[in-house]
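Here's the letter readout for the chains.
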Amino acid sequence: MIELAEDATEAEAYEVADAWLRRNLPGDALKAALDADWATVAAFLADPERGPAWHSALGAAGLSTPTWPKEWGGLGLSARAAGAVAEAVLRYRVDRGMSDFVGLALAGPTIIVHGTPEQKRRFLGPLARGEHRWCQLFSEPGAGSDLAGLSTRAVRQDDGTWLVNGQKVWSSFAHVSDYGLLMARTDPALPKHKGISYFLVNMRTPGVDARPLKQMTGDAEFNEVFLTDVHLPADALLGEVNGGWAVAITTLMQERNGLTGLPAVGPGRSDELLRRARDNGTLAEPVLRDELLRLVVEERVLQMTTVRSYAESGRDAVGAEGSIRKLVHAQFEEAAASLAAEVAPLSALAWDEGRQNSEASYEFLAMKQTSIAGGTSEIQRNIIAERILGLPKDPDPEKDVPFNERRRGG
Ligand SMILES: Cc1cc2nc3c(=O)[nH]c(=O)nc-3n(C[C@H](O)[C@H](O)[C@H](O)COP(=O)(O)OP(=O)(O)OC[C@H]3O[C@@H](n4cnc5c(N)ncnc54)[C@H](O)[C@@H]3O)c2cc1C
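Residues numbered from 1 in each chain as written. Predicted model: local features only at pLDDT ≥ 70, side-chain atom pairs only at ≥ 80, totals over all residues. Heavy atoms only, no water.

Trainee: A description of the overall build of the protein should follow, citing residues and the corresponding values.
Mentor: Scanning the protein from N- to C-terminus turns up 14 helices and eight strands. Computed over the C-alpha atoms, the radius of gyration of the protein is 22 Å, within 12% of the 22 Å expected from 2.2 N^0.38 for a compact globule of 410 residues. Taking the principal axes of the C-alpha coordinates as reference, the protein spans close to 65 × 45 × 40 Å. Looking at the 410 residues of the protein, the share that counts as buried comes to 48%. Relative to all contacts within the protein whose residues are 6 or more apart in sequence, the contacts with residues 24 or more apart total 72%. (Helix = DSSP H or I, 4+ residues; strand = E, 2+ residues; numbered from the N terminus. Rg over C-alpha atoms; globule rule 2.2 N^0.38 Å. Buried < 20%, exposed > 50% of the residue type's maximum accessible area, 1.4 Å probe, protein only. Contact = heavy atoms within 4.5 Å.)

Right under this line is the structure:
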């Protein structure tokens, strides 16, 4: 663990993190990062031995979880100082990235708020050090936006253990995860939000079957996950029996907030597009240049808003305001993907499977993801309307009807 006082300022946090990175990054990776040779940095992280060893060292230093309490593997920093740490790590592009998003941004913070001391001890340290990967088993074929309509069942056995049956879908990285965050119905006689419980599932438990789904980008990081007679121990329950909705709200708020990026202001996606346009000469086209610069400004505003909202909300309180950034971020990502195709029109057309063949075509095909993942843009608009603007709620005449008496499929 690096030495850093919990009341460190942003400047102190950046300096200490930067010095640690320079001391500990292997020479070739450090040189590549300083030369902006990002392909070499990416190859270093993708190496099956060096990549995990690096992320483990980064985690053990507390640099992957700077806001977490020190006793659970964090640095206990304020949101602003933690943002400075994130900025230092992002400068070298050696952070854990999106494949660990569920663990770091969702599982950890949810366990910190709702876990028993034993669950915290068992899961948080390994998570901080990158020893466990996590996935989110929330969405189902019949329950996405209407998550509380989920029908995967968990039935308590006489010995206090649970028997789970059902199907999940769109579970990112489930096929390579060690643990999953599972929502399941534990009392169908209660109204839909009230009969749900939240479990921490070992993905190697017999009966858990994750099958990757191939997307139009060629990637297959999504899965459908079948749960057939899965036995879970009593201590897999997170929070109260039938109190899973409150636990899920913590996860969902962290998700909306986290999907907008880390609280750091540095070179981002628009800067990369500017670089491409400069390299291939398209930056000389006035209309395209104007659109690119507008995108740079939008990204900076989004980054600064993220920094400000983290600083104002504190490290645990994440409010409905995260939905505003989630919505704007989705619009930004779509605009960036469209511009990427204009900057490199030929490679955007000549598509073959895999990202390496054409960044622009990949980004174009993937552009809709951000307006769906973590709750669609329509749902974010509903949240903003209801919880921030105080407009009337979406009517649900069956809100208080027991789940098993509700009309289905309507
Ligand atoms: C990249 C990516 C990663 C994902 N990863 C995971 C994961 O790891 N784990 C997981 O559990 N899920 C994951 N998801 C699933 C995601 O949470 C759902 O796709 C999302 O919540 C929408 O649910 P749905 O697909 O069932 O669409 P539906 O809920 O069926 O929605 C269909 C359409 O109807 C609209 N709509 C629905 N209800 C309303 C309403 N009340 N008001 C207005 N419009 C409405 C929606 O906006 C949408 O346009 C992922 C999705 C993506 C794209």
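Trainee: Talk me through the domain arrangement of the protein; I want residue IDs and the actual numbers.
Mentor: Interface size, as often reported, equals the accessible area lost upon joining of the parts. Here the domain parsing of the protein yields domain 1 (10–96), domain 2 (134–243) and domain 3 (259–388). Centre-to-centre separation of domain 2 and domain 3, based on C-alpha positions: 30 Å. If you look at the interface, domain 2 gives seven residues, while domain 3 gives nine residues. With both chains or domains summed, domain 2 and domain 3 bury close to 660 Å², and 51% of this area falls on carbon and sulfur atoms. On the domain 2 side of the interface with domain 3, the three residues burying the most area are S145, M216 and T217, jointly 65% of the side's total. The interface formed by domain 2 and domain 3 holds zero salt bridges in total. At the junction of domain 2 and domain 3, the tally comes to one residue pair in polar contact (both at pLDDT 80 or more). (Domains from an automatic or database assignment. Buried area = accessible area lost by both parts, 1.4 Å probe. Salt bridge = Lys/Arg side-chain N within 4 Å of Asp/Glu carboxyl O. Polar contact = N/O pair within 3.5 Å; in protein donor to acceptor, adjacent residues only side chain to side chain.)

Trainee: So, the pattern of salt bridges: which residues are in play, and what are the values?
Mentor: Evaluated as defined, the whole model comprises 27 salt bridges. One network of salt bridges, in which partners are shared, links R269, E272, R275, R276, D279, E333 and E363.

Trainee: Outline the side chain of S371, listing residues and values.
Mentor: Inspection of the secondary structure puts S371 in the loop between α13 (359–366) and α14 (377–388). Within polar-contact distance, the side chain of S371 engages the side chain of E334 at 3.5 Å. Other than its neighbours up to four places away in sequence, S371 contacts A330, E334, T376 and S377.

Trainee: Tell me about the packing of aromatic side chains, residues and numbers included.
Mentor: One pass over the full model with this rule turns up eight aromatic pairs. Pairing F44 with W54 gives two aromatic rings, centres 6.4 Å apart and planes at 55°, and the pair type is tilted. With F44 in helix α3 (residues 38–46) and W54 in helix α4 (residues 50–60), this residue pair connects regions lying 10 residues apart in the sequence. Given the relative accessible area of 4%, F44 is considered buried. The exposure class of W54 is buried, given its relative accessible area of 4%. Note on F123 and W134: the rings are 5.3 Å apart at their centroids and 80° apart in plane angle, and the pair reads as edge-to-face. Of this pair, F123 sits in helix α7 (residues 117–128) while W134 sits in strand β1 (residues 134–137); the two residues are 11 residues apart in sequence, bridging distant segments of the chain. Here a set of aromatic residues connected by ring pairs shows up, and it is made of W20, F44 and W54. Looking at R93, its charged tip hangs above the ring of W38, at a distance of 4.1 Å from the centre. (Phe/Tyr/Trp six-rings, centres within 6.5 Å; stacked < 30°, edge-to-face > 60°. Lys NZ or Arg CZ within 6 Å of the ring centre and 35° of its normal.)

Trainee: How would you explain the packing of helix α11 (residues 322–343) against α14 if you had to name every residue and give the values?
Mentor: Running from N to C, α11 and α14 cross one another at 150°; their axes reach a closest spacing of 9 Å. As judged from the angle between their axes, α11 and α14 are roughly antiparallel. The way α11 lies across α14 gives a crossing that is left-handed. Across the interface between the two elements, S323, I324, K326, L327, A330 and Q331 of α11 pack against S377, Q380, R381, I383, I384 and I388 of α14. (Axes fitted to C-alpha atoms, helices over the stretch in contact; angles between N-to-C directions. Parallel < 35°, antiparallel > 145°, perpendicular 65-115°, else oblique. Left-handed = near helix turned anticlockwise from the far one by under 90°.)

Trainee: Help me get a handle on the nonpolar core, residues and values and all.
Mentor: Of all hydrophobic cores here, the largest spans 30 residues; its most connected members are I111, W134, F138, L181, M183, Y198 and L200. Broken down by secondary-structure element, the contributors of at least two residues to this core are α6 (101–114), α7, β4 (179–185), β5 (196–202) and α8 (244–258). The element best represented in this core is α6, accounting for eight residues. What M183 contacts, discounting residues up to four positions off in sequence, is L137, F138, L147, L150, T152, K168, I196, S197, Y198, W245 and A248. Judged by nonpolar contacts, the second largest core, of 28 residues, contains L21, A32, W54 and A61. (Core = buried A, V, L, I, M, F, W, Y, C linked by side-chain atoms within 4.5 Å.)

Trainee: Lay out the pairing of β4 in plain terms, naming residues and giving numbers.
Mentor: Counting buried positions along β4 yields seven of seven residues, so the element is predominantly enclosed. Relative to β4, β1 runs parallel, the two being bridged by four bridges. Across the sheet, W134 pairs through a bridge with Y179, a residue of β4. Pairing analysis gives seven bridges linking β4 to β5, with the strands arranged antiparallel. In the sheet register, M183 faces β5, and the bridge partner there is Y198. (Pairing = 2+ DSSP bridges.)

Trainee: Give me the lowdown on the environment of L227, citing residues and values where you can.
Mentor: Structurally, the position occupied by L227 is in strand β7 (residues 222–232). Its relative accessible area of 2% is what places L227 among the buried residues. Filtering out sequence-adjacent residues up to four positions away, L227 remains in contact with T152, V164, N165, G166, K168, L182, G207 and V208.

Trainee: I'd like a description of the site of the ligand, backed by residues and values.
Mentor: Lining the immediate environment of the ligand, one finds 18 residues, of which S139, S145, W170, T376 and E378 sit closest. Contact between the ligand and E378: an oxygen atom at 2.7 Å from a side-chain N or O atom of the residue. Burial of the ligand by the surrounding chains reaches 67%, relative to a free accessible area of 980 Å². By residue class, the composition of the shell around the ligand is six nonpolar, 10 polar and two charged. (Near = heavy atom within 4 Å. Areas by Shrake-Rupley, 256 points an atom, 1.4 Å probe, with all protein chains shown as cover. Nonpolar A, V, L, I, M, F, W, Y, C, P; charged D, E, K, R; others polar.)

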